[in-house]
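Below, each chain spelled out in residue letters.
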Amino acid sequence: MIAGRRFSIAKLYDDHRDKLRLAWIAAVGVDRQIELKERGNYGADVVGHLNIIHPERLQVIGEGEVNWARRASPQRVRQQFHDLIDAKPPALIVADDQEVHPEIMAVCESSQTPLFSTPKPCSAVIDLLRIYLASRLADTTSLHGVFMDVFGMGVLITGESGVGKSELALDLISRGHGLVADDVVEVARIAPATIEGRCPGMLRDYLEVRGIGLLNIRTIFGETAARRKMKLKLIVHLQRAAAVSPDTPRLPLDEQTQEVLGVPIRKVVIPVAAGRNLAVLLEAAVRNNILQLRGIDSMGEFINRQQQALLDDDM
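Here the structure is a predicted model, which is why all the values come from computation and not from measurement.

(A) Geometry of the packing of aromatic side chains. In this structure the tally under the stated criterion is 4 aromatic pairs. For the ring pair Tyr13 and Phe116, a centre distance of 5.5 Å and an interplane angle of 10 degrees mean the geometry is stacked. Of this pair, Tyr13 sits in helix α1 (residues 9–16) while Phe116 sits in strand β7 (residues 115–117), placing them 103 residues apart in sequence. The burial state of Tyr13 is the same as that of Phe116; both residues are buried. In this structure an aromatic cluster arises from ring pairing among Tyr13, Trp24 and Phe116.

(B) Quick peek at helix α8 (residues 278–293). For α8, which comprises 16 residues, the first-to-last C-alpha distance of 22 Å matches the rise-based estimate of 22 Å (1.5 Å per residue) to within 8%. Within α8, the full set of buried residues consists of Leu278, Ala279, Leu282, Glu283, Ala285, Val286, Asn289 and Ile290. End-on view of α8: buried residues confined to an arc of 155 degrees, all on one side of the axis. On its buried face, α8 is in contact with β8 (139–150), β9 (153–159), α6 (165–174), β14 (229–240) and β16 (263–272). Immediately downstream of α8, the backbone of Gly295 shows phi near 90 degrees, a positive value.

(C) Here's a closer look at the pattern of salt bridges. In total, this model carries 10 salt bridges according to the counting rule given. For the salt bridge of Asp139 with Arg189, the shortest nitrogen-to-oxygen distance reads 3.0 Å. Placement of the pair is Asp139 in strand β8 and Arg189 in strand β10 (residues 178–191), with a sequence separation of 50 residues. Judged by its relative accessible area of 11%, Arg189 falls in the buried class.

(D) Looking closely at the pairing of strand β12 (residues 206–209). Of the two faces of β12, only the one carrying Leu207 and Val209 is buried; Tyr206 and Glu208 on the other face are not. Relative to strand β13 (residues 213–216), β12 runs antiparallel, the two being bridged by 4 bridges. Bridge pairing links Val209 to Gly213 in β13. Taking the residues that link successive antiparallel strands as the turn, the β12-β13 hairpin has 3 residues, and the phi of Gly211 there is positive, at about 90 degrees.

(E) Structural detail: a positive patch on the surface. Together, Arg136, Arg204, Arg228, Lys229, Lys231 and Lys233 make up a region of like positive charge exposed at the surface. By residue number, the principal contributor to the positive patch is β14, which donates 3 residues. Residue classification places Lys229 among the partly exposed positions, given a relative accessible area of 37%.

(F) View of α1. Turning to α1, its buried residues are Ile9, Leu12, Tyr13 and His16. Summarising the axial view, the buried residues of α1 lie within an arc of 100 degrees, below the 170-degree limit, and thus occupy one face. Close packing links the buried residues of α1 with β1 (6–8), β2 (23–26), β3 (33–35), β5 (58–61), β7 and α5 (122–136). The backbone nitrogen of Ala10 has a side-chain oxygen 3.2 Å away, supplied by the residue at the start of α1, namely Ser8.

(G) Structural context of the sheet that holds strand β4 (residues 47–49). The strand order β2-β7-β6-β5-β4 describes an open sheet built from 5 strands, whose pairing is mixed. The open sheet has two edge strands, β2 and β4, and neither has a second partner. Across the sheet, the mean angle from the axis of one strand to that of its neighbour is 30 degrees, orientation sign disregarded. Of the pairings in the sheet, the one linking β2 to β7 comprises 3 bridges and is antiparallel in character. Looking across to β7, one finds that Ala23 is bridged to Ser117. Against the sheet, helix α4 (residues 102–111) makes contact with β2, β6 (92–94) and β7, and its axis sits at roughly 80 degrees relative to β2, the strand it touches most.

Criteria and thresholds
- Residues numbered from 1 in each chain as written.
- Predicted model: local features only at pLDDT ≥ 70, side-chain atom pairs only at ≥ 80, totals over all residues.
- Heavy atoms only, no water.
- Phe/Tyr/Trp six-rings, centres within 6.5 Å; stacked < 30°, edge-to-face > 60°.
- Helix = DSSP H or I, 4+ residues; strand = E, 2+ residues; numbered from the N terminus.
- Buried < 20%, exposed > 50% of the residue type's maximum accessible area, 1.4 Å probe, protein only.
- Expected span 1.5 Å × (residues − 1).
- Arc of directions from axis to C-beta.
- Contact = heavy atoms within 4.5 Å.
- Salt bridge = Lys/Arg side-chain N within 4 Å of Asp/Glu carboxyl O.
- Pairing = 2+ DSSP bridges.
- Patch = residues over 30% accessible without salt bridge, like charges linked within 9 Å, V, L, I, M, F, W, Y side chains within 5 Å.
- Areas by Shrake-Rupley, 256 points an atom, 1.4 Å probe, with all protein chains shown as cover.
- Lys, Arg positive; Asp, Glu negative; His and termini not counted.
- Charge placed at Lys NZ, Arg CZ, Asp CG, Glu CD.
- Polar contact = N/O pair within 3.5 Å; in protein donor to acceptor, adjacent residues only side chain to side chain.
- Axes fitted to C-alpha atoms, helices over the stretch in contact; angles between N-to-C directions.

Here it is as C-alpha coordinates:
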(Lines give C-alpha, C1' and ligand atoms only; values in the text may rest on other atoms or scores of the structure.)
Protein backbone atom coordinates (compact mmCIF):
# COMPACT_ATOMS: atom_id res chain seq x y z
CA MET A 1 0.00 0.00 0.00
CA ILE A 2 1.40 3.39 -0.98
CA ALA A 3 0.31 6.42 1.02
CA GLY A 4 1.39 9.88 2.10
CA ARG A 5 1.76 11.63 -1.28
CA ARG A 6 0.00 14.87 -0.33
CA PHE A 7 0.74 17.24 2.51
CA SER A 8 -0.99 20.28 3.96
CA ILE A 9 0.59 23.74 3.78
CA ALA A 10 -1.20 24.66 7.01
CA LYS A 11 0.40 21.69 8.77
CA LEU A 12 3.82 22.66 7.41
CA TYR A 13 3.30 26.19 8.77
CA ASP A 14 2.25 24.93 12.21
CA ASP A 15 5.29 22.62 12.43
CA HIS A 16 7.79 25.34 11.42
CA ARG A 17 6.23 28.54 12.73
CA ASP A 18 8.69 28.77 15.63
CA LYS A 19 11.66 26.97 14.10
CA LEU A 20 11.77 29.15 10.97
CA ARG A 21 10.02 32.17 12.56
CA LEU A 22 7.44 32.01 9.77
CA ALA A 23 4.91 34.80 9.38
CA TRP A 24 1.78 34.12 7.29
CA ILE A 25 1.29 37.44 5.49
CA ALA A 26 -1.11 36.78 2.59
CA ALA A 27 -4.08 34.46 2.04
CA VAL A 28 -3.97 33.76 5.77
CA GLY A 29 -5.69 30.50 6.70
CA VAL A 30 -6.02 29.28 3.09
CA ASP A 31 -4.79 25.69 2.92
CA ARG A 32 -3.26 24.11 -0.16
CA GLN A 33 -1.68 20.72 -0.73
CA ILE A 34 1.93 19.93 -1.58
CA GLU A 35 1.73 16.92 -3.87
CA LEU A 36 4.11 14.41 -5.42
CA LYS A 37 2.42 13.48 -8.67
CA GLU A 38 4.94 10.80 -9.64
CA ARG A 39 5.95 7.88 -7.49
CA GLY A 40 9.66 7.84 -6.74
CA ASN A 41 10.08 11.60 -6.30
CA TYR A 42 11.49 13.03 -3.09
CA GLY A 43 11.77 16.22 -1.04
CA ALA A 44 13.96 17.95 -3.64
CA ASP A 45 11.02 17.79 -6.06
CA VAL A 46 8.57 19.72 -3.88
CA VAL A 47 10.54 22.70 -2.57
CA GLY A 48 13.18 24.92 -4.13
CA HIS A 49 14.23 28.34 -5.35
CA LEU A 50 11.78 30.40 -7.41
CA ASN A 51 11.23 28.37 -10.59
CA ILE A 52 8.55 28.97 -13.22
CA ILE A 53 9.38 25.65 -14.92
CA HIS A 54 8.32 23.74 -11.78
CA PRO A 55 5.39 25.74 -10.40
CA GLU A 56 4.11 22.75 -8.44
CA ARG A 57 6.96 23.24 -5.95
CA LEU A 58 6.87 25.25 -2.76
CA GLN A 59 8.58 28.41 -4.07
CA VAL A 60 11.28 30.06 -1.92
CA ILE A 61 12.34 33.62 -2.75
CA GLY A 62 15.69 34.72 -1.36
CA GLU A 63 18.20 37.51 -1.79
CA GLY A 64 19.28 36.18 -5.20
CA GLU A 65 15.77 36.32 -6.59
CA VAL A 66 15.18 39.78 -5.15
CA ASN A 67 18.41 41.06 -6.75
CA TRP A 68 17.30 39.60 -10.09
CA ALA A 69 13.95 41.38 -9.78
CA ARG A 70 15.74 44.67 -9.18
CA ARG A 71 17.81 44.26 -12.35
CA ALA A 72 14.96 43.06 -14.58
CA SER A 73 12.30 45.31 -16.04
CA PRO A 74 9.10 45.76 -13.98
CA GLN A 75 7.06 44.28 -16.86
CA ARG A 76 9.17 41.11 -16.95
CA VAL A 77 9.04 40.66 -13.19
CA ARG A 78 5.29 41.21 -13.17
CA GLN A 79 4.79 38.69 -15.99
CA GLN A 80 6.98 36.07 -14.29
CA PHE A 81 5.06 36.29 -11.03
CA HIS A 82 1.67 36.30 -12.72
CA ASP A 83 2.64 33.22 -14.77
CA LEU A 84 3.83 31.51 -11.59
CA ILE A 85 0.71 32.35 -9.61
CA ASP A 86 -1.54 31.25 -12.51
CA ALA A 87 0.09 27.79 -12.26
CA LYS A 88 -1.16 27.58 -8.62
CA PRO A 89 1.97 26.78 -6.59
CA PRO A 90 1.20 25.46 -3.08
CA ALA A 91 2.76 28.54 -1.43
CA LEU A 92 5.51 31.16 -1.58
CA ILE A 93 8.11 31.83 1.11
CA VAL A 94 10.14 35.04 1.16
CA ALA A 95 13.38 34.27 3.03
CA ASP A 96 16.66 36.05 3.89
CA ASP A 97 14.66 38.69 5.82
CA GLN A 98 13.83 40.31 2.48
CA GLU A 99 11.10 42.91 2.15
CA VAL A 100 7.96 41.52 0.52
CA HIS A 101 7.10 43.46 -2.63
CA PRO A 102 3.57 44.92 -2.35
CA GLU A 103 2.61 43.57 -5.78
CA ILE A 104 3.61 40.02 -4.80
CA MET A 105 1.50 40.30 -1.67
CA ALA A 106 -1.45 41.67 -3.67
CA VAL A 107 -1.23 38.92 -6.30
CA CYS A 108 -1.02 36.22 -3.61
CA GLU A 109 -3.97 37.70 -1.76
CA SER A 110 -6.15 37.96 -4.87
CA SER A 111 -5.28 34.41 -6.01
CA GLN A 112 -5.55 32.99 -2.47
CA THR A 113 -1.96 31.70 -2.64
CA PRO A 114 -0.44 31.38 0.86
CA LEU A 115 2.56 33.68 1.32
CA PHE A 116 5.02 33.40 4.20
CA SER A 117 8.08 35.38 5.24
CA THR A 118 11.06 34.36 7.35
CA PRO A 119 14.33 36.00 8.42
CA LYS A 120 16.15 32.68 8.02
CA PRO A 121 18.62 32.16 5.13
CA CYS A 122 17.06 30.87 1.92
CA SER A 123 19.36 27.83 1.71
CA ALA A 124 18.62 26.84 5.31
CA VAL A 125 14.87 27.06 4.69
CA ILE A 126 15.09 24.85 1.59
CA ASP A 127 17.37 22.27 3.25
CA LEU A 128 15.15 21.96 6.32
CA LEU A 129 11.91 21.70 4.35
CA ARG A 130 13.39 19.17 1.91
CA ILE A 131 14.29 16.82 4.75
CA TYR A 132 10.92 17.38 6.42
CA LEU A 133 8.86 16.84 3.25
CA ALA A 134 10.95 13.87 2.14
CA SER A 135 9.84 12.13 5.32
CA ARG A 136 6.20 13.27 5.12
CA LEU A 137 5.74 12.45 1.42
CA ALA A 138 7.72 9.21 1.31
CA ASP A 139 6.41 5.98 -0.20
CA THR A 140 5.27 3.90 2.80
CA THR A 141 4.09 0.40 3.57
CA SER A 142 3.87 -2.01 6.52
CA LEU A 143 5.87 -5.21 6.96
CA HIS A 144 5.33 -8.13 9.33
CA GLY A 145 8.26 -9.08 11.50
CA VAL A 146 10.52 -7.85 14.29
CA PHE A 147 12.76 -4.88 13.50
CA MET A 148 15.99 -4.70 15.49
CA ASP A 149 19.11 -2.61 15.85
CA VAL A 150 21.98 -5.11 15.79
CA PHE A 151 25.50 -3.64 15.90
CA GLY A 152 24.07 -0.36 14.65
CA MET A 153 22.41 -1.98 11.63
CA GLY A 154 18.66 -2.17 11.03
CA VAL A 155 17.69 -5.85 10.76
CA LEU A 156 14.18 -7.13 9.97
CA ILE A 157 13.52 -10.64 11.31
CA THR A 158 10.81 -12.40 9.31
CA GLY A 159 9.28 -15.87 9.28
CA GLU A 160 6.00 -17.69 9.71
CA SER A 161 4.01 -17.41 12.91
CA GLY A 162 5.49 -19.40 15.80
CA VAL A 163 8.94 -19.82 14.26
CA GLY A 164 10.58 -17.89 17.12
CA LYS A 165 11.02 -14.30 15.92
CA SER A 166 10.07 -12.69 19.23
CA GLU A 167 12.13 -15.15 21.28
CA LEU A 168 15.15 -14.38 19.09
CA ALA A 169 14.51 -10.67 19.51
CA LEU A 170 14.36 -11.06 23.30
CA ASP A 171 17.66 -12.97 23.23
CA LEU A 172 19.25 -10.20 21.15
CA ILE A 173 17.94 -7.49 23.49
CA SER A 174 19.45 -9.34 26.46
CA ARG A 175 22.76 -9.30 24.56
CA GLY A 176 22.68 -5.50 24.32
CA HIS A 177 20.93 -4.90 21.00
CA GLY A 178 17.84 -2.69 20.55
CA LEU A 179 14.20 -3.18 19.61
CA VAL A 180 12.59 -0.91 17.04
CA ALA A 181 9.27 -2.64 16.34
CA ASP A 182 7.52 -5.95 16.93
CA ASP A 183 4.88 -7.50 14.66
CA VAL A 184 4.14 -4.39 12.53
CA VAL A 185 6.95 -2.32 11.04
CA GLU A 186 6.14 0.93 9.23
CA VAL A 187 8.71 1.49 6.49
CA ALA A 188 9.23 4.49 4.21
CA ARG A 189 11.57 5.15 1.30
CA ILE A 190 13.10 8.46 2.37
CA ALA A 191 15.73 8.53 -0.40
CA PRO A 192 16.24 6.65 -3.71
CA ALA A 193 18.08 3.77 -2.01
CA THR A 194 17.20 4.28 1.67
CA ILE A 195 14.42 2.49 3.58
CA GLU A 196 13.63 3.67 7.10
CA GLY A 197 11.60 1.61 9.55
CA ARG A 198 9.81 2.61 12.72
CA CYS A 199 7.16 1.31 15.11
CA PRO A 200 3.49 2.37 15.15
CA GLY A 201 2.86 4.56 18.19
CA MET A 202 0.45 2.07 19.77
CA LEU A 203 3.06 -0.74 19.81
CA ARG A 204 6.18 1.27 20.65
CA ASP A 205 8.51 -0.39 23.22
CA TYR A 206 6.38 -3.57 23.41
CA LEU A 207 7.42 -7.10 22.49
CA GLU A 208 5.01 -10.05 22.55
CA VAL A 209 6.53 -13.33 23.69
CA ARG A 210 4.47 -16.53 23.60
CA GLY A 211 3.70 -17.83 27.08
CA ILE A 212 4.71 -14.55 28.76
CA GLY A 213 2.63 -11.91 27.01
CA LEU A 214 3.48 -8.28 26.31
CA LEU A 215 6.79 -6.99 27.65
CA ASN A 216 7.69 -3.31 27.91
CA ILE A 217 11.28 -3.56 26.74
CA ARG A 218 12.20 -0.01 27.73
CA THR A 219 10.91 -0.55 31.29
CA ILE A 220 12.54 -3.97 31.75
CA PHE A 221 15.90 -3.45 30.04
CA GLY A 222 16.30 0.34 30.21
CA GLU A 223 16.29 3.29 27.82
CA THR A 224 19.05 1.91 25.60
CA ALA A 225 17.05 -1.23 24.75
CA ALA A 226 14.60 0.58 22.44
CA ARG A 227 15.05 2.64 19.28
CA ARG A 228 12.68 5.08 17.55
CA LYS A 229 13.75 4.28 13.99
CA MET A 230 16.49 2.61 11.96
CA LYS A 231 17.48 2.30 8.32
CA LEU A 232 16.70 -1.18 6.98
CA LYS A 233 19.89 -2.85 5.76
CA LEU A 234 19.32 -6.59 6.20
CA ILE A 235 16.42 -9.05 6.23
CA VAL A 236 16.92 -12.28 8.18
CA HIS A 237 14.27 -14.88 7.35
CA LEU A 238 13.78 -17.73 9.82
CA GLN A 239 12.71 -20.94 8.10
CA ARG A 240 11.86 -24.22 9.77
CA ALA A 241 14.47 -26.85 8.92
CA ALA A 242 11.73 -29.25 7.77
CA ALA A 243 10.61 -26.71 5.18
CA VAL A 244 14.07 -26.31 3.64
CA SER A 245 14.21 -27.95 0.21
CA PRO A 246 16.81 -30.74 -0.22
CA ASP A 247 17.96 -28.89 -3.35
CA THR A 248 18.86 -25.78 -1.38
CA PRO A 249 22.63 -25.26 -1.71
CA ARG A 250 24.68 -25.50 1.47
CA LEU A 251 26.72 -22.47 0.44
CA PRO A 252 24.62 -19.80 -1.32
CA LEU A 253 26.95 -18.44 -4.00
CA ASP A 254 24.57 -15.73 -5.18
CA GLU A 255 23.60 -12.84 -2.93
CA GLN A 256 19.91 -12.93 -2.01
CA THR A 257 17.84 -9.75 -1.93
CA GLN A 258 14.23 -8.79 -1.28
CA GLU A 259 12.67 -5.65 -2.72
CA VAL A 260 11.05 -3.25 -0.26
CA LEU A 261 9.35 -0.26 -1.94
CA GLY A 262 11.51 -0.87 -5.00
CA VAL A 263 14.80 -0.95 -3.07
CA PRO A 264 16.72 -4.27 -2.99
CA ILE A 265 17.58 -5.25 0.60
CA ARG A 266 20.10 -8.00 1.35
CA LYS A 267 18.50 -11.17 2.70
CA VAL A 268 19.77 -14.14 4.66
CA VAL A 269 17.75 -17.33 5.28
CA ILE A 270 18.55 -19.17 8.55
CA PRO A 271 17.10 -22.67 9.04
CA VAL A 272 15.57 -23.09 12.50
CA ALA A 273 16.23 -26.37 14.29
CA ALA A 274 16.57 -27.58 17.87
CA GLY A 275 19.92 -26.72 19.40
CA ARG A 276 20.84 -23.91 17.01
CA ASN A 277 21.88 -20.65 18.65
CA LEU A 278 19.93 -18.23 16.47
CA ALA A 279 21.20 -15.11 18.23
CA VAL A 280 24.82 -16.02 17.49
CA LEU A 281 23.94 -16.94 13.90
CA LEU A 282 22.11 -13.64 13.34
CA GLU A 283 24.98 -11.65 14.85
CA ALA A 284 27.37 -13.47 12.52
CA ALA A 285 25.12 -12.67 9.54
CA VAL A 286 25.10 -8.98 10.52
CA ARG A 287 28.89 -8.90 10.98
CA ASN A 288 29.33 -10.54 7.57
CA ASN A 289 26.94 -8.00 5.99
CA ILE A 290 28.94 -5.14 7.53
CA LEU A 291 32.11 -6.59 5.96
CA GLN A 292 30.36 -6.88 2.58
CA LEU A 293 29.31 -3.25 2.76
CA ARG A 294 32.99 -2.42 3.31
CA GLY A 295 33.96 -4.44 0.24
CA ILE A 296 35.11 -7.59 2.05
CA ASP A 297 33.44 -10.69 0.57
CA SER A 298 34.35 -13.83 2.53
CA MET A 299 32.64 -16.16 0.04
CA GLY A 300 34.34 -14.48 -2.92
CA GLU A 301 37.73 -14.67 -1.20
CA PHE A 302 37.25 -18.39 -0.53
CA ILE A 303 36.28 -19.06 -4.16
CA ASN A 304 39.35 -17.17 -5.37
CA ARG A 305 41.53 -19.13 -2.98
CA GLN A 306 40.06 -22.40 -4.24
CA GLN A 307 40.60 -21.41 -7.88
CA GLN A 308 44.17 -20.39 -7.14
CA ALA A 309 44.80 -23.76 -5.44
CA LEU A 310 43.48 -25.57 -8.53
CA LEU A 311 45.77 -23.51 -10.78
CA ASP A 312 48.76 -24.28 -8.53
CA ASP A 313 47.97 -28.03 -8.71
CA ASP A 314 47.89 -27.90 -12.52
CA MET A 315 51.32 -26.33 -12.71
